[in-house]
Amino acid sequence: MCDLVLSQFNGRLNQSVVATRNQFGQAQQVQNTAQNLVGRMAQAGQTDPALRDLLAKHDFKINLNTNSQTQPLP
């Protein structure tokens, strides 16, 4: 009887761990996407003063490497 209860409890814990792991994976994807978007907005902000001001207003600081060649966008 005790084994059955522990087995069910273990199954629920495993489901919880998988769900938490999935949430972390999704959060990492969102973070990477957001970083890429901000980087591209910063690049566009070099020629668009309104966009540059908007990024500055929200305290986004991007260090664009201006010494390297421009990479083609995927």
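Residues numbered from 1 in each chain as written. Predicted model: local features only at pLDDT ≥ 70, side-chain atom pairs only at ≥ 80, totals over all residues. Heavy atoms only, no water.

Q: Give a description of helix α1 (residues 2-45) that names residues and reports values.
A: The first and last C-alpha atoms of α1 sit 64 Å apart over 44 residues, in line with the 64 Å expected at 1.5 Å per residue. For α1, the complete set of buried residues consists of Val38, Gly39, Ala42 and Gly45. Summarising the contacts, the buried residues of α1 are in contact with α2 (49-57). (Helix = DSSP H or I, 4+ residues; strand = E, 2+ residues; numbered from the N terminus. Expected span 1.5 Å × (residues − 1). Buried < 20%, exposed > 50% of the residue type's maximum accessible area, 1.4 Å probe, protein only. Contact = heavy atoms within 4.5 Å.)

Q: Outline the confidence of the model for the protein, listing residues and values.
A: Across the protein, the average pLDDT comes to 83, with 85% of residues at 70 or higher. Taken together, the stretch residues 68-74 has pLDDT below 50 and engages in three contacts with residues farther than four places along the chain or on a different chain. (pLDDT = per-residue confidence, 0-100.)

Q: So, the packing of α1 against α2: which residues are in play, and what are the values?
A: Orientation of α1 relative to α2, taken along the N-to-C sense of each, is 135°, at an axis distance of 7 Å. Of the possible angle classes, the one that applies to α1 and α2 is oblique. Considering how the two elements wind past one another, α1 and α2 form a crossing that is left-handed. Between α1, through Met41, Ala42, Ala44 and Gly45, and α2, the contact on the second element is made entirely by Leu51, Arg52 and Leu55. Grouping the constituent residues of the contact of α1 with α2 by class yields five nonpolar, one polar and one charged. (Axes fitted to C-alpha atoms, helices over the stretch in contact; angles between N-to-C directions. Parallel < 35°, antiparallel > 145°, perpendicular 65-115°, else oblique. Left-handed = near helix turned anticlockwise from the far one by under 90°. Nonpolar A, V, L, I, M, F, W, Y, C, P; charged D, E, K, R; others polar.)

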